[in-house]
Amino acid sequence: MGVLYLAKRLGWMLFILFGSTVVIFLVIHVIPGDPARAMLGPQGTPEAVETLRRELGLNDPLWQQYLIWVGRALTGNLGHSILLSKSVLELLGERVTTTLLLSLYALILAVLIALPISVMSATRRNTIGDHVGRLVVLIGLAMPSFWFGLMLMLLFSVRLGWLPVFGYVSPLDDLGQHFSHMVLPAVALGSGYAAMIMETTRNSLVDVLNQDYIRTARAGGLAERLVLWKYAMRNALIPTVTVIGIQIGYLMSGAIVIENLFAIPGIGRLMVNAVLSRDYPVVQGTMLTVVFVFAFANLCVDLLCAAIDPRTARE
Amino acid sequence: MRLIPISAATDPLLEVRDLQVRIPTRRGDLLAVDGVDLTVGAGEIVGVVGESGSGKTLTAYAIMGLLSAPAVISRGVIRFRGQDLQALAAEERGRMRGSAMSMVFQEPLTALNPVFPVGTQIRDVIRRHTNLSDRSIRGRILELLDHVGIAGPERVAAAYPFELSGGMRQRILIAMAIACGPSLVIADEPTTALDTTIQAQILELLRRLVRDDGISLLLISHDFGIVADLCQRVYVMYAGQVVEHATAGQLFDRPRHPYTSALLGCMPAARDGDAPLDTIEGTVPTVIDPKALCRFADRCGYAQARCTEQSPPRQTFGVVQDALCFRAAELTLPGLVTPSLTDGVLP
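Thresholds applied
Residues numbered from 1 in each chain as written. Chains lettered and ligands numbered in written order. Predicted model: local features only at pLDDT ≥ 70, side-chain atom pairs only at ≥ 80, totals over all residues. Heavy atoms only, no water. UniProt positions renumbered as here; feature names shortened; annotations may be inferred. Helix = DSSP H or I, 4+ residues; strand = E, 2+ residues; numbered from the N terminus. Contact = heavy atoms within 4.5 Å. Buried area = accessible area lost by both parts, 1.4 Å probe. Salt bridge = Lys/Arg side-chain N within 4 Å of Asp/Glu carboxyl O. Axes fitted to C-alpha atoms, helices over the stretch in contact; angles between N-to-C directions. Parallel < 35°, antiparallel > 145°, perpendicular 65-115°, else oblique. Left-handed = near helix turned anticlockwise from the far one by under 90°. Buried < 20%, exposed > 50% of the residue type's maximum accessible area, 1.4 Å probe, protein only. Pairing = 2+ DSSP bridges. Phe/Tyr/Trp six-rings, centres within 6.5 Å; stacked < 30°, edge-to-face > 60°. Lys NZ or Arg CZ within 6 Å of the ring centre and 35° of its normal. Polar contact = N/O pair within 3.5 Å; in protein donor to acceptor, adjacent residues only side chain to side chain.

1. Remarks on the UniProt feature "transmembrane region" (unreviewed entry) in chain A
All names here are of chain A.
Now for step 1: Taking the UniProt record as the reference, the feature "transmembrane region" (unreviewed entry) is found at residues 12-31, 100-123, 135-158, 178-196, 236-262 and 282-308.
Now for step 2: Helix and strand shares over residues 100-123 are 100% and 0% respectively, and the end C-alpha atoms of the span are 34 Å apart.
Now for step 3: End-to-end, the C-alpha atoms of residues 178-196 are 27 Å apart, and along that stretch the chain is 100% helix and 0% strand.

So, in structure tokens, the structure goes:
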């Protein structure tokens, strides 16, 4: 893998981060009305509004405000929550791990479910197994995750009582409890993701198995196992990894919904609460975090793609 | 050019009898290959010519055991070194593919796996068929690459297909095909995707492998020039059937089937220098419900009423030549007139 390629991807990631800071910063100033006024609500006196404006630096020119904000963010100072008596960084720290764990479980679950089914589906095309598999994919894609989460909750927690209804336990406190609280949210979050991975992998594998180089491998007498898992899979996984990367955004937005449904104290819940209570520093901080995670995940996917497919890195 | 070893006809390395390949479609079963007889003797280069859709590639896949569903062999026998290949278990057949018989494909870029170095792809074939240590395999790969005329084998073995030229890639495929010392190599349009200069080099390489390594070659091509250059005997295929079989010399001097003659007329160097090239009107028919008629009749300039009423007989001429035509004996068809004799270049 070329150093040049790595540098290019890194540069691209920095560019995305820069662009998103501009957008996140401007969001506060684009929404109609005065942020200070909005924060204080209808009860705020004009004096109080003016004081807050000065405190927040809202009277300075925009570019100056932006530079100050970015400069602080770079040193880890994301400001203080207006509502809660904590710094934004503190609030994030507690919750980022939770969200990352939830997304990771959903991702692992999705891959573990999707890969075997898509291989079965692609190698036994147009059999009953293939049709059932594709029907499941269709259902998985069509089902909104919050609805699916609710159904899971009703069945496994309320009716059967096998799992806790909602809430969260840190893995440091009790690993078993942690997992029993995370199972349903991870399934609800991962199902749509699994469906996307399955559809992509099945189709790319079907396509790859018809390629000339698969016939060459067979003409060399290679065992069918080697042909499928080495010669076909390595090629079929290229679109899969790309989709996994692109859909990390889907996973993050899904996490926001699922965290609110299952009352999991993650970034998504923090963000929604902050938006509802107009806690702007927290809104900015959470958005910045999500963007950073997304950009970093995409960098990882790009590097993974380059490792799988040598053509990517040497274009 | 060597003369035909007549003994080859009596004790062939490969013998195909009455081969039929059927592809089920919505409109009925398509007979992509229908009653093909074909032999390849030890050390022989045999050509199969015909347009796209004539069934030549499917014949090759059937021999290699590479037909993919839904195409199936519905009739016929394929014997290799006297052994009935269809009687073999899949595992035995797999062990034979890539070692005793192997294949070189038309499109050298798509025929190599894009995400593995070419050395790895050759290594996997050798590993499948031998018990050599990794070090000996490594040595064998470099030796093979050198043998097929690749300079700097270490560098090339580590390269990915997209880093190599078309000619290099075809040499890699040939190296892979001969890696485990096959007695038969089937080359399916091995030079079609290459530049003319590279074509000549690859053909020369194939010729050398037959001469020096005792390999027999079944060469599939649509190009009579290549076939004339390389092959001792030629099968001309049309709509799934062999319509003529002859030595290369007989075929060009005195073709017996109007289709062969028409194909020769399509060659750029075929007839008078100034005369426009001939073309054969129409396309190769797909045969779904075989009727008793000559499949070439509707495109044939010599067709008579009986040609669309009965199946033509196979008429034999001398030791080797035969043609599937009513009029094979009576017609004197134009063959290949070399341009040097007609366009006055020579004094």
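2. Things to note about the interface of chain A and chain B
Now for step 1: Between chain A and chain B, the residue contacts involve 21 residues of the former and 28 residues of the latter.
Now for step 2: Both faces combined, the contact of chain A with chain B buries some 2,100 Å², and carbon together with sulfur accounts for 61% of it.
Now for step 3: There are 1 salt bridge connecting chain A and chain B.
Now for step 4: With its nearest N and O atoms 2.8 Å apart, the salt bridge here joins aspartate 124 of chain B to lysine 230 of chain A.

3. Describing the packing of helix H4 (residues 118-129) of chain B against helix H5 (residues 134-147) of chain B
Residue and element names in this part refer to chain B.
Now for step 1: Between H4 and H5, the shortest axis-to-axis distance is 10 Å and the interhelical angle comes to 120°. Classified by the angle between their axes, H4 and H5 sit oblique to one another. Crossing hand, H4 versus H5: right-handed. Residues Gly119, Ile122, Arg123, Ile126 and Arg127 of H4 form the contact with H5, whose participating residues are Asp134, Ile137, Arg140, Ile141, Leu144 and Leu145.

4. Regarding the UniProt feature "domain: ABC transmembrane type-1" (unreviewed entry) in chain A
Now for step 1: The sites that UniProt annotates as "domain: ABC transmembrane type-1" (unreviewed entry) are residues 96-305 of chain A.
Now for step 2: As annotated, residues 96-305 of chain A has a helix share of 83% and a strand share of 0%, and its two end C-alpha atoms lie 26 Å apart.

5. Details of the pairing of strand E10 (residues 241-247) of chain B
All names here are of chain B.
Now for step 1: A large share of E10 lies buried, amounting to 7 of its 7 residues.
Now for step 2: Pairing of strand E9 (residues 233-238) with E10, which is carried by 6 bridges, proceeds in the antiparallel orientation. Residue pairing in the sheet places valine 234 in a bridge with alanine 246 of E10.
Now for step 3: Where E10 meets strand E12 (residues 321-324), 2 bridges bridge the pair, whose relative direction is antiparallel. Along E12, the bridge assignment pairs glutamate 244 with alanine 323.

6. Some thoughts on the sheet that holds strand E7 (residues 184-188) of chain B
Residues and elements named next belong to chain B.
Now for step 1: On the basis of which strands lie adjacent, the open sheet formed by 8 strands has the order E6-E7-E8-E3-E9-E10-E12-E11 and mixed pairing. Of all strands in the sheet, those with a lone pairing partner are strand E6 (101-104) and strand E11 (314-317), marking the two edges. Adjacent strand axes in the sheet meet at a mean angle of 20°, parallel and antiparallel pairs treated alike.
Now for step 2: Across the sheet, helix H2 (residues 56-64) is in contact with strand E3 (45-49), E6, E7, strand E8 (216-221) and E9; its angle to E6 comes to roughly 150°.

7. Examining the packing of aromatic side chains
Now for step 1: Tallied over the full model, the rule gives 12 aromatic pairs over all chains.
Now for step 2: An angle of 45° between the planes, with centres 5.8 Å apart, marks the rings of phenylalanine 156 of chain A and tryptophan 162 of chain A as tilted.
Now for step 3: Since its relative accessible area comes to 24%, phenylalanine 156 of chain A is described here as partly exposed.
Now for step 4: A residue is classified by how much of its surface remains accessible, and tryptophan 162 of chain A, at 60% relative accessible area, is exposed.
Now for step 5: Residue placement shows lysine 230 of chain A over the ring face of phenylalanine 116 of chain B; its charged tip is 5.3 Å from the ring centre.

8. Points about the side chain of glutamine 315 of chain B
Residue and element names in this part refer to chain B.
Now for step 1: Tracing the backbone shows glutamine 315 in strand E11.
Now for step 2: Of the polar contacts made by the side chain of glutamine 315, one reaches the backbone oxygen of phenylalanine 326; its length is 2.9 Å.
Now for step 3: Once residues lying within four places of it in the same chain are set aside, the contact partners of glutamine 315 are Gln321, Asp322, Ala323, Cys325, Phe326, Arg327, Ala328 and Ala329.

9. Details of the packing of helix H7 (residues 145-159) of chain A against helix H8 (residues 175-209) of chain A
Residue and element names in this part refer to chain A.
Now for step 1: For the pair H7 and H8, interaxial distance at closest approach is 9 Å and the crossing angle is 145°. H8 is crossed by H7, and the crossing has right-handed handedness. Contact residues: Ser145, Phe148, Gly149, Leu152, Met153, Phe156 and Ser157 in H7; Leu184, Val187, Ala188 and Ser191 in H8.

10. Brief notes about the pattern of salt bridges
Now for step 1: A complete count under the given rule lists 26 salt bridges over all chains for this structure.
Now for step 2: The salt bridge involving aspartate 212 of chain A is made with arginine 215 of chain A; its shortest N-O contact spans 3.3 Å. Placement of the pair is aspartate 212 of chain A and arginine 215 of chain A together in helix H9 (residues 212-219), with a separation of 3 residues, close to one helical turn.
Now for step 3: Under the relative-accessibility criterion, arginine 215 of chain A is labelled partly exposed at 23%.
Now for step 4: In this structure, the salt-bridge partner of arginine 299 of chain B is glutamate 51 of chain B, at a minimum N-O distance of 3.4 Å. Placement of the pair is arginine 299 of chain B in the loop between helix H11 (258-265) and E11 and glutamate 51 of chain B in the loop between E3 and H2, with a sequence separation of 248 residues.

11. So, the pairing of strand E1 (residues 14-25) of chain B
Residue and element names in this part refer to chain B.
Now for step 1: Looking at chain direction, E1 and strand E4 (residues 72-80) are connected through 7 bridges and run antiparallel. Paired with leucine 14 across the strands is phenylalanine 80, a residue of E4.
Now for step 2: Here E1 runs beside strand E2 (residues 28-40); their pairing, made up of 10 bridges, is antiparallel. Residue pairing in the sheet places isoleucine 23 in a bridge with leucine 30 of E2.
Now for step 3: Between E1 and E2, which pair antiparallel one after the other, the connecting turn spans 2 residues.

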